[in-house]
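For reference, the chains in residue letters:
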Amino acid sequence: MLTPTEKIWHNGHFIRWEDAKTHVLSHVVSYGSSVFEGVRCYETAQGPAVFRLREHMRRLLDSAKVYRMELAYSVEELSAAVLELLRVNKMGACYVRPLAFRGYGEVGVNPTKNPMEVYLACWEWGKYLGEEALAEGVDVCVSSWNRMAPNTLPALSKAGANYMNSQLIKMEALANGYSEGIALDVNGYVSEGSGENIFVVRDGKIHTPPLGASVLPGITRDAILTLAQEIGIPVVETIVPREMLYIADEVFFSGTAAEITPIRSVDRITVGAGRRGPIAERLQKEFFGVIEGKREDTFGWLTPVPVLVG
Ligand SMILES: Cc1ncc(COP(=O)(O)O)c(C=O)c1O
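In this text the structure is predicted, and so the values were computed from the model without any measurement.

A. Up close: a nonpolar patch on the surface. Among the surface-exposed residues, Val24, Leu25, Val29, Tyr104 and Val107 lie close enough to one another that they form a single nonpolar patch of about 500 Å² accessible area. With respect to the element layout, leucine 25 can be found in the loop between β2 (13-16) and α1 (27-31).

The following block contains the structure:
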């Protein structure tokens, strides 16, 4: 359950957590007209710092642009507001949820007369698939649900409505005793998890589905591509047939929530040795090295949160 924090940012002002409410007839409630982000603040050796803040805010604005939503704030303004939010709430490690939606006004499908509401909230949050999952790996299935077809719901936009599809994938997986589902795209190729990008390793080379395979352009996905390059592991963005999952040496998820989570079985078929493989482990070492402040932040991924004085 959520533990409330003191303040939420709304359209440029701080309000109390309890006051962050919207009318039931807001456009978003009927039509799913929202875009959002999920960002993590980590407790590093040098104090709290936000992981890839600007990239998340840029993706929020990109997601909004696709839907002709005009947000009144720039990447810089939103990034500064997130830091201020974390400062006033005196947060250490936590999750940040930027959210923009079509509010109250008209009730028809055409959203252009409804005001945009922008919120930034944060709360304490632990590991998504569990602490153990990071070391042991998780058991997943291929979903009977596909990701959205191209030119239906745009996958590059992190819109609330896309998560109706994610919910189908996640609920089915849990109902069948798996931790997560992997969805195929409309052509039957591997796309992504309900809330994670996916990587498949075979013979020392990493494969991940391209942006054209209905995936979200994950910010952790990008971090993995960058880290893999840095440490000299070959990585390709390419179409991944379903059966690659079964014959892979390693499969793992990436995401703000999942971080880097190894997959030890797919559809009850053991992946590789049935536990975290060496490439996932090496990438975890680099990734956690950055976010814990234990290795140099070579790529400038961390933004320190200013400390509240007085
Ligand atoms: C559908 C989906 N794919 C991938 C990801 C991973 O993206 P990121 O690494 O930016 O969190 C997420 C999480 O936001 C997601 O919801």
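B. Here's a closer look at the side chain of arginine 221. Mapped onto the elements, arginine 221 comes out in helix α6 (residues 219-231). In this structure the side chain of arginine 221 is engaged in a polar contact, spanning 2.9 Å, whose partner is the backbone oxygen of proline 209. Every residue in contact with arginine 221, bar those within four places of it in the chain, is listed here: Asn197, Phe199, Thr208, Pro209, Pro210, Leu211, Leu216, Glu237 and Ser254.

C. Up close: the site of the ligand. Around the ligand, 16 residues are found, and the nearest of them are Lys158, Tyr163, Glu192, Thr220 and Thr256. With respect to the ligand, the side chain of threonine 256 contributes an N or O atom lying 2.6 Å from an oxygen atom. Coverage of the ligand by the protein amounts to 95% of the 380 Å² it exposes when considered alone. Where the shell around the ligand is concerned, the elements lending two or more residues are α6 and β14 (250-255). Of the residues contributing to the shell around the ligand, the split by class is 3 nonpolar, 8 polar and 5 charged.

D. Layout of the packing of aromatic side chains. Tallied over the full model, the rule gives 11 aromatic pairs. Centre to centre, the rings of phenylalanine 51 and tryptophan 301 are 5.8 Å apart; their planes meet at 80°, and the pair counts as edge-to-face. Taken as a pair, phenylalanine 51 in strand β5 (residues 47-51) and tryptophan 301 in the loop between α8 (278-291) and β17 (302-304) lie far apart in primary sequence, 250 residues in all. Among the residues examined, tryptophan 301 registers a relative accessible area of 3% and is labelled buried. Connected via pairs of aromatic rings, a cluster forms that spans Tyr42, Phe51, Phe287, Phe288, Phe299 and Trp301.

E. Quick peek at the environment of arginine 52. Here arginine 52 lies in the loop between β5 and α2 (53-66). Residue classification places arginine 52 among the buried positions, given a relative accessible area of 7%. When the C-alpha atoms of arginine 52 and glycine 32 are compared, they prove to be 26 Å apart, with 20 residues separating the residues in sequence. Apart from the residues within four sequence positions on either side, arginine 52 is in contact with Ile219, Asp222, Ala223 and Trp301. A distance of 3.2 Å separates the side chain of arginine 52 from the backbone oxygen of isoleucine 219, its partner in a polar contact.

F. Structural detail: the pattern of salt bridges. Under the counting rule described, the total for this entry stands at 18 salt bridges. The partner of arginine 52 in a salt bridge is aspartate 222, and the shortest N-O contact between them spans 2.8 Å. Of the two residues, arginine 52 is situated in the loop between β5 and α2 and aspartate 222 in helix α6; the sequence distance between them amounts to 170 residues. Within this structure, Glu230, Arg282, Glu286 and Arg295 form a network of salt bridges that share partners.

G. Spatial organisation of the pairing of strand β9 (residues 180-184). In terms of residue burial, β9 counts as a mostly covered element, since 5 of its 5 residues are buried. Burial along β9 is two-sided: the face carrying Glu180, Ile182 and Leu184 and the face carrying Gly181 and Ala183 are both buried. Bridge count for strand β8 (residues 138-146) against β9 is 4 bridges, and the pairing is parallel. Residue pairing in the sheet places valine 142 in a bridge with isoleucine 182 of β9.

H. Molecular detail of helix α3 (residues 75-88). In this model α3 runs 20 Å from its N-terminal to its C-terminal C-alpha over 14 residues, within 8% of the 20 Å that 1.5 Å per residue would give. The complete set of buried residues in α3 reads Val75, Leu78, Ser79, Ala81, Val82, Leu83, Leu85 and Leu86.

I. Representation of the pairing of strand β12 (residues 205-208). Relative to β12, strand β11 (residues 197-202) is paired through 3 bridges, and the arrangement is antiparallel. Paired with valine 201 across the strands is isoleucine 206, a residue of β12. Hairpin geometry of β11 and β12 is characterised by an intervening segment of 2 residues between the two adjacent antiparallel strands and by a positive phi of about 50° at aspartate 203. One ladder, built from 3 bridges, connects β12 with strand β13 (residues 235-237); its direction is parallel. Residue pairing across strands places threonine 208 opposite glutamate 237, the latter belonging to β13. Chirality of the crossover, the property in question, places the unit of β12, α6 and β13 among those that are right-handed.

J. Spatial organisation of α6. Its 13 residues give α6 an end-to-end C-alpha distance of 18 Å, which sits within 8% of 18 Å, the value for a rise of 1.5 Å per residue. Of all the residues in α6, the buried ones are Ile219, Thr220, Arg221, Ala223, Ile224, Leu225, Leu227 and Ala228. Directly after α6, the chain includes glycine 232, whose backbone phi takes a positive value near 80°.

K. Here's a closer look at the environment of aspartate 62. Positionally, aspartate 62 belongs in helix α2. Judged by its relative accessible area of 41%, aspartate 62 is partly exposed.

Each value, and the rule that gives it
Residues numbered from 1 in each chain as written. Predicted model: local features only at pLDDT ≥ 70, side-chain atom pairs only at ≥ 80, totals over all residues. Heavy atoms only, no water. Patch = residues over 30% accessible without salt bridge, like charges linked within 9 Å, V, L, I, M, F, W, Y side chains within 5 Å. Areas by Shrake-Rupley, 256 points an atom, 1.4 Å probe, with all protein chains shown as cover. Salt bridge = Lys/Arg side-chain N within 4 Å of Asp/Glu carboxyl O. Helix = DSSP H or I, 4+ residues; strand = E, 2+ residues; numbered from the N terminus. Polar contact = N/O pair within 3.5 Å; in protein donor to acceptor, adjacent residues only side chain to side chain. Contact = heavy atoms within 4.5 Å. Near = heavy atom within 4 Å. Nonpolar A, V, L, I, M, F, W, Y, C, P; charged D, E, K, R; others polar. Phe/Tyr/Trp six-rings, centres within 6.5 Å; stacked < 30°, edge-to-face > 60°. Buried < 20%, exposed > 50% of the residue type's maximum accessible area, 1.4 Å probe, protein only. Pairing = 2+ DSSP bridges. Expected span 1.5 Å × (residues − 1). Right-handed = clockwise from strand over helix to strand, strands pointing away.

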